[in-house]
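Single-letter residue listing:
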Amino acid sequence: MQGASQPADGDGPSRVGAWVLAARPPTLTAAAAPVVVGTAVALHAGEAQAGPAAAAMLGALALQVGANLANDVSDFRRGADTADRIGPPRVTQLGILSERQVIGGLVVAFGVATLAGLYLIAVAGWPVLAAGVASMLAALAYTGGPWPFGYHGLGDVFVFIFFGLVAVVGTYYVQAEAITAAAVAAAVPVGCTVTAILMVNNIRDIETDEAAGKRTLAVMIGRQPARWLFVATVAVAYLSAATLAPIDGFGAWTLLSWLSIPLAVSPVRAVMSSTDGPTLNSALRATARLHLALGVLLAIGLAI
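Quantities reported herein were computed from a predicted structural model and do not represent experimental measurements. (Residues numbered from 1 in each chain as written. Predicted model: local features only at pLDDT ≥ 70, side-chain atom pairs only at ≥ 80, totals over all residues. Heavy atoms only, no water.)

**Looking at the overall build of the chain**
Per the secondary structure count, the chain includes 13 helices and 0 strands. The order of helices and strands in the chain, counted from the N terminus, is α-α-α-α-α-α-α-α-α-α-α-α-α. The C-alpha atoms of the chain give 19 Å as radius of gyration, which agrees with the globular expectation for 304 residues (19 Å, within 12%). If one aligns the C-alpha atoms of the chain with their principal axes, the spans along those axes are about 55 × 45 × 35 Å. Nonlocal contacts in the chain, meaning residues at least 24 apart in sequence, comprise 76% of its contacts between residues at least 6 apart. Total accessible area on the chain stands at roughly 12,800 Å², and carbon and sulfur atoms take up 70% of it. Looking at charge distribution, the chain has the averaged site of its 15 positive side-chain charges lying 3 Å from that of its 16 negative ones. (Helix = DSSP H or I, 4+ residues; strand = E, 2+ residues; numbered from the N terminus. Rg over C-alpha atoms; globule rule 2.2 N^0.38 Å. Contact = heavy atoms within 4.5 Å. Areas by Shrake-Rupley, 256 points an atom, 1.4 Å probe, with all protein chains shown as cover. Lys, Arg positive; Asp, Glu negative; His and termini not counted. Charge placed at Lys NZ, Arg CZ, Asp CG, Glu CD.)

Dropping the structure here:
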């Protein structure tokens, strides 16, 4: 892998390609699935609204891109991204984009999220502001700031909270202007699978993270316990989806989410048996697909 110097002319991606690489499109399923599930809960309750749902989706995608850019530059500054990195390429570390450019992209992404948030505040009131500001601060503090929680074993918890609970319940709230037990319960399986994505990432990066002083939960507990925690998290996603049936009259259609179980086989097998970077990169993508599939199938079951 190349170092942090700027690639020679013609060797790197185009300008558009550089920004696509920086935005990391495969991660956008992490932001999209919770909005789909939250909207399905609103549809079941007869509260669905197209405008707020669309704005919630735009805001969630923009926040995810902003978080990706913040992590890109913050990990580079802290030395977590080096020539030994085995994960997907990072544009700051490779010199494809400068720190200043990445920070500028971060400002634009958060600007788009803010515009979506202003509309949602007008629709659903000031609680949206608190959720939006907290989400932006969490995105910045994951690997940045004086005490980045992603470096202290708390990344998994914060991903579950913000990409599970806050995203699903927040999407429901901007349409129904209420928080219900049904919306909270529906957030649990989504929160588990999105957390599983991070777990694969951290299991893959145990050695490089430990060398850089990045104490993820996987680094703290070790590879084998982290592997079993990943399996348990995926299992809880399906078990919690099954328990939704009696809540708010959802019914057995919530078990449609179990149709995605075959998609879990490949990433579970890879995580449990491999330390190879490319194999775990494939498992990371497979877990993202699992997250999206479970979310979409769960949303269909919730909306019926």
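The rest of the description comes next.
**Notes on helix α11 (residues 223–242)**
Taking 1.5 Å of rise per residue, the 20 residues of α11 would be expected to cover 28 Å, and the 29 Å separating its terminal C-alpha atoms lies within 8% of that figure. All of the buried residues along α11 are Arg223, Ala226, Arg227, Phe230, Thr233, Val234, Ala237, Tyr238, Ser240 and Ala241. Elements in contact with the buried residues of α11: α8 (181–204), α9 (206–211), α10 (217–221), α12 (262–273) and α13 (277–303). (Expected span 1.5 Å × (residues − 1). Buried < 20%, exposed > 50% of the residue type's maximum accessible area, 1.4 Å probe, protein only.)

**Observations regarding empty space enclosed by the protein**
In this approach a probe as big as a water molecule rolls over the atoms, and the regions it shows empty are the leftover space. Following the criterion strictly, the structure yields 1 cavity of 30 Å³ or more and no others. Lining the largest cavity are Asp156, Met199, Asn202, Ile203, Leu217, Ala218, Ile221, Ala226 and Leu229. Those elements that provide at least two residues to the lining of the largest cavity are α8, α10 and α11. Here the lining of the largest cavity is composed, by residue class, of 7 nonpolar, 1 polar and 1 charged. (1 Å grid on protein atoms, 1.4 Å probe; cavity = no way out; pocket = protein on both sides within 12 Å on 5 of 7 lines; lining within 4 Å. Points joined across faces, edges and corners; volume = space filled by probe spheres on them. Nonpolar A, V, L, I, M, F, W, Y, C, P; charged D, E, K, R; others polar.)

**Concerning the packing of α11 against α13**
Relative orientation of the contacting elements α11 and α13 amounts to 10°, with a least axis distance of 12 Å. By the angle between their axes, α11 is roughly parallel relative to α13. Here Phe230, Val234, Ala237, Tyr238 and Ala241 of α11 lie close against α13, whose contacting residues are Thr287, Leu290, Leu294 and Leu298. Classifying every residue of the contact of α11 with α13 gives 8 nonpolar, 1 polar and no charged. (Axes fitted to C-alpha atoms, helices over the stretch in contact; angles between N-to-C directions. Parallel < 35°, antiparallel > 145°, perpendicular 65-115°, else oblique.)

**Re the side chain of Arg204**
Relative to the assigned elements, Arg204 resides in helix α8. In terms of polar contacts, Arg204 uses its side chain to reach the side chain of Asp205, at 2.7 Å. (Polar contact = N/O pair within 3.5 Å; in protein donor to acceptor, adjacent residues only side chain to side chain.)

**Considerations on the packing of aromatic side chains**
Under the counting rule described, the total for this entry stands at 4 aromatic pairs. With 3.9 Å between their ring centres and 15° between their planes, Phe149 and Phe158 make a pair best called stacked. Using a relative accessible area of 6% as the deciding quantity, one classes Phe149 as buried. Overall, the relative accessible area of 26% leaves Phe158 in the partly exposed class. Plain terms: the ring middles of Phe158 and Phe162 are 6.2 Å apart, the flat faces sit at 15° to each other, and that makes the pair stacked. Remark: Phe162 and Phe158 occur in helix α7 (residues 155–176); sequence separation between them is 4 residues, near one turn of the helix. Residue Phe162 is classed as buried on the basis of its relative accessible area of 19%. Within the aromatic cluster, the residues linked to one another by ring pairs are Tyr142, Phe149, Phe158 and Phe162. We note Arg78 situated over the ring of Tyr151; from NZ or CZ to the ring centre the distance is 5.5 Å. (Phe/Tyr/Trp six-rings, centres within 6.5 Å; stacked < 30°, edge-to-face > 60°. Lys NZ or Arg CZ within 6 Å of the ring centre and 35° of its normal.)

**Notes on the nonpolar core**
In terms of nonpolar packing, the biggest core is built from 30 residues, with Val200, Ile203, Phe230, Val234 and Val271 touching the most fellow members. Put simply, the parts of the chain that give this core at least two residues each are α7, α8, α11, α12 and α13. In terms of residue count, the dominant contributor to this core is α8 (8 residues). (Core = buried A, V, L, I, M, F, W, Y, C linked by side-chain atoms within 4.5 Å.)

**Quick notes on the side chain of Asp156**
One can find Asp156 in helix α7. At 10 Å, Lys214 is the nearest oppositely charged side chain to Asp156, a buried residue that forms no salt bridge. Setting aside its immediate chain neighbours within four residues, Asp156 contacts Thr195, Leu198, Met199, Asn202 and Leu217. (Salt bridge = Lys/Arg side-chain N within 4 Å of Asp/Glu carboxyl O.)

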